[in-house]
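Examination of the molecular architecture
Residue-level listing of the chains:
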Amino acid sequence: MVRRKHRYAVVQLERTSSIALPYLDVKPLKASEDDIFKAVKIKLGELHGDYGRAVTTLGMRVKYLNEATRIVVLRARQGEPFKMMASTLPFVTSIGAESIQCTTLYIAGTIRHSLIFLEKRQKRIFKQVLEMFKSDKGQKKYKMSEPELKERILQITKLEM
């Protein structure tokens, strides 16, 4: 029996309307794992034809989806299927009715390493947002105390600390 190896791509889905905004977009993405899978599969068919679609979708799966942070972890078989999937991701421009932009953040060999990367990234973003709100300008704009802010950010990101 041959062991099948997989690769994992950590992808961030940003709304095209919120990319140029000066503030953090906290509105959750209204898409399911099936919607994301279908969008990638359709774009695979357009770019790589029937062969690419058949080879890639056999082992492709959405392993993790966080609607609040718009982070997705996609799994594909190692080798040509993963290369085709990874080359397709920048061309996925819509999921359902929402116009998006896909950014590949990290490529890992195991799901564990992709989740370690996500945890480190979320902690770094949490610290940046906290520093932004600690300034006088941030407190006046959002009118929140620091404990309220921490609670709100933890609710949004679903990060265990």
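The structure under discussion appears in the preceding block.
Residues numbered from 1 in each chain as written. Predicted model: local features only at pLDDT ≥ 70, side-chain atom pairs only at ≥ 80, totals over all residues. Heavy atoms only, no water.

All right, on to the pairing of strand β3 (residues 71-77) then. With six of seven residues buried, β3 lies mostly within the body of the structure. Judged from the seven bridges that link them, strand β1 (residues 6-15) and β3 form a sheet pairing that is antiparallel. Looking across to β3, one finds that H6 is bridged to R77. Across five bridges, the pairing between strand β2 (residues 61-66) and β3 is antiparallel. Looking across to β3, one finds that R61 is bridged to R75. (Buried < 20%, exposed > 50% of the residue type's maximum accessible area, 1.4 Å probe, protein only. Helix = DSSP H or I, 4+ residues; strand = E, 2+ residues; numbered from the N terminus. Pairing = 2+ DSSP bridges.)

Turning our attention to the nonpolar core. In terms of nonpolar packing, the biggest core is built from 24 residues, with L13 and M85 touching the most fellow members. Contributions of two or more residues to this core are made by β1, α1 (33-57), β2, β3, α2 (80-88) and β5 (98-108). When residues of this core are assigned to their parent elements, the largest contribution, five residues, is made by α1. Look past the residues within four positions of L13 in its chain and what remains in contact with it is L29, I36, R70, V72, I95, I100, Q101 and C102. Counting residues in hydrophobic clusters, the runner-up holds six residues, among them I71, V73, F117 and L118. (Core = buried A, V, L, I, M, F, W, Y, C linked by side-chain atoms within 4.5 Å. Contact = heavy atoms within 4.5 Å.)

A separate point is helix α3 (residues 111-134). Helix length check: α3 (24 residues) gives 35 Å between terminal C-alpha atoms against 34 Å at 1.5 Å per residue, within 8%. Residues of α3 that are buried include every one of S114, F117, L118, R121, Q122, F126, V129, L130 and F133, and no others. (Expected span 1.5 Å × (residues − 1).)

This paragraph deals with α1. For the α-helix, the turn length of 3.6 residues means that residues three or four positions removed from each other point alike. In this model, α1 (25 residues) spans only 14 Å end to end at C-alpha, well below the 36 Å of a helix rising 1.5 Å per residue. Residue H48 marks the point of greatest curvature in α1, where the axis turns by about 135°. Among all positions of α1, only I36, F37, A39, V40, K43, L44, G52, V55, T56 and T57 are buried. Next to the buried residues of α1 lie β1, β2, β3, α2 and β4 (94-95). (Bend = angle between axes of the 7 residues up to and from the residue.)

All right, on to the pattern of salt bridges then. Between side chains of opposite charge, pairing is possible as soon as their charged atoms come close. A full pass over the atoms with the stated rule returns four salt bridges. The residue R70 makes a salt bridge to E14 at a minimum N-O spacing of 3.6 Å. A residue pair is termed long-range when its members are at least 10 positions apart, and R70 in the loop between β2 and β3 and E14 in strand β1 qualify at 56 residues. When its relative accessible area of 4% is taken as the criterion, R70 is described as buried. For E98, the salt bridge is made with R15, and the minimal N-O distance between the two is 2.7 Å. (Salt bridge = Lys/Arg side-chain N within 4 Å of Asp/Glu carboxyl O.)

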